[in-house]
Amino acid sequence: MVMTNLGILGSGAGSNMQAILDAIAAGGLDARIRIVLSDNPDALILERARKHGIPAEVIDCGGHRMKFPEVAQETTARKLAEAGVDLVCLAGFMRLMKRPLLDAFPFRILNIHPSLLPAFPGLEAWKQAVEAGASESGVTVHLVDAGMDTGPILGQERVAIFPDDTPESLHARLQLAEHRLYPAMIAKYATRLRP
Ligand code: GAR
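Going along each chain's sequence as written, the residues are numbered from 1 onward. Where totals are concerned, whole chains, interfaces and linings use all residues; where local detail is concerned, this predicted model gives features only for residues with pLDDT of at least 70, and gives and counts side-chain atom pairs only at 80 or more. Computation of side-chain values covers all heavy atoms of the structure but excludes hydrogens and water.

Buried residues are those whose accessible area, probed at 1.4 Å on protein chains only, stays under 20% of the maximum for their type, while exposed residues exceed 50% and partly exposed ones sit between those limits. The helix and strand labels rest on DSSP assignments: H or I over at least four residues marks a helix, E over at least two residues marks a strand, and numbering proceeds from the N terminus. In terms of burial, helix 1 (residues 15-25) is a largely internal element, eight of the eleven residues being buried. Here helix 1 has its buried residues at S15, N16, M17, Q18, A19, I20, L21 and A23. Looking one or two residues past helix 1, G27 carries a phi angle of roughly 85°, positive in sign.

Whether two strands pair depends on DSSP finding at least two bridges between them. With mixed pairing, the seven strands of this open sheet are ordered in space as 3-2-1-4-5-6-7. The sheet is open, and its two borders are formed by strand 3 (56-58) and strand 7 (153-160), each paired with just one other strand. Pairs of neighbouring strands in the sheet enclose a mean axial angle of 20°, with direction left out of account. Pairing of strand 2 (residues 31-38) with strand 3 involves three bridges; the strand directions are parallel. A fitted line through C-alpha atoms represents every axis, and for helices the fit uses only the stretch in contact; the resulting angles, taken between N-to-C directions, go from 0 to 180 degrees.

Turning next to the pattern of salt bridges. Here, a salt bridge means any side-chain nitrogen of Lys or Arg that lies within 4 Å of a carboxyl oxygen of Asp or Glu. Overall, the coordinates contain eight salt bridges when judged by the stated rule. The closest approach of N and O atoms between R99 and D103, which form a salt bridge, is 2.9 Å. Of this pair, R99 and D103 both sit in helix 4 (residues 99-104), four residues apart, which is roughly one turn of the helix. Taking the relative accessible area as the measure of exposure, D103 reaches 46% and is therefore partly exposed.

Along the chain, the position of S38 falls in strand 2. Nitrogen and oxygen atoms within 3.5 Å of one another constitute a polar contact, given that in protein one can donate a hydrogen and the other can accept it, and given that sequence-neighbouring residues count only through two side-chain atoms. From its side chain, S38 meets the backbone oxygen of G10 in a polar contact 2.7 Å long. Any two residues whose heavy atoms approach within 4.5 Å at even a single point are treated as in contact. Setting aside residues no more than four positions away along its own chain, S38 makes contact with G10, S11, A43, I45, L46, E57, V58 and I59.

In terms of burial, strand 2 is a largely internal element, six of the eight residues being buried. Sheet topology note: the strand 1 (residues 4-9)/strand 2 ladder contains six bridges and is parallel. Counterpart to L9 in the pairing with strand 2 is L37. The parallel pair strand 1 and strand 2 is bridged by helix 1, and the resulting crossover is right-handed. Handedness of the β-α-β unit built from strand 2, helix 2 (residues 44-51) and strand 3 comes out right-handed. Orienting the strands away from the viewer, one traces the path from the first strand over the helix to the second; a clockwise path indicates a right-handed crossover.

We now examine unusual backbone geometry. Following L117, the chain continues into P118 via a peptide bond in cis, with omega recorded as 15°. With respect to the helices, strands and loops of the structure, P118 is situated in the loop between strand 5 (109-113) and helix 5 (125-131). Positioned with a positive phi, E124 is a non-glycine residue whose angle comes to about 45°. On the secondary structure map, E124 appears in the loop between strand 5 and helix 5. Residue classification places E124 among the partly exposed positions, given a relative accessible area of 40%. Of note, the phi angle at D149 is positive, near 60°, even though the residue is not glycine. Relative to the helices and strands, D149 is located in the loop between strand 6 (136-143) and strand 7.

With respect to the element layout, L90 can be found in strand 4 (residues 87-90). For L90 and I109, which are 19 residues apart along the polypeptide, the C-alpha to C-alpha distance reads 7.3 Å. Apart from the residues within four sequence positions on either side, L90 is in contact with L9, M97, I109, L110, N111, I112, V144 and Y182.

Moving on, we get to a nonpolar patch on the surface. Any residue with relative accessible area above 30% and no salt bridge may belong to a patch, with like charges joined within 9 Å and the nonpolar Val, Leu, Ile, Met, Phe, Trp and Tyr side chains within 5 Å. Accessible surface is estimated by sampling points in the Shrake-Rupley manner with a 1.4 Å probe; for residues, cover comes only from the protein chains shown. Taken together, the side chains of M66, M94 and L123 make up a nonpolar region of the molecular surface, amounting to roughly 290 Å² of accessible area. For M94, a relative accessible area of 45% corresponds to the partly exposed category.

See below:
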């Protein structure tokens, strides 16, 4: 059995990266995280990665707040390739990627999103769900394409929304589902990539 080399891109706390590490340690995912990259120098995900001895670097997006400049995507693709990454996992990464990265890793970039896509794409999906008065949301793992949360869906888990839920309480429950679903879907997809 061939182990999968993962590269993680994140902008925030890195709880999904931690769930991936926990699944690897528990034997549920035959993989190793080779590199963690973040567009946010203050992101906790970088600190968490370094604590585990994983190389963790900042991607310079040239001061752009939302844009992922082409040169930054090229650098990201190069760093991932140099680290020997087979499969890229977005874990709370908040920029849209276009050709340089998508071409470098065709069908090899996964994302976790905190809604039942195609419902509530984009930012703060948990807040969108509560504000819409929905009675159910969930989490989705999908392949990344050039759209916003539009790529082919690999798996979903449903999460009920209760009348007294706030955006924060719902997000906390969605994250528990993310931490179950993402490592399981990575393990399943990785077996499809193997020769
Ligand atoms: C997660 O809830 C993830 O689904 C969301 O950001 C959070 C990151 O948490 N991603 C998106 O909204 C992407 N559109 P983490 O840094 O603790 O893993």
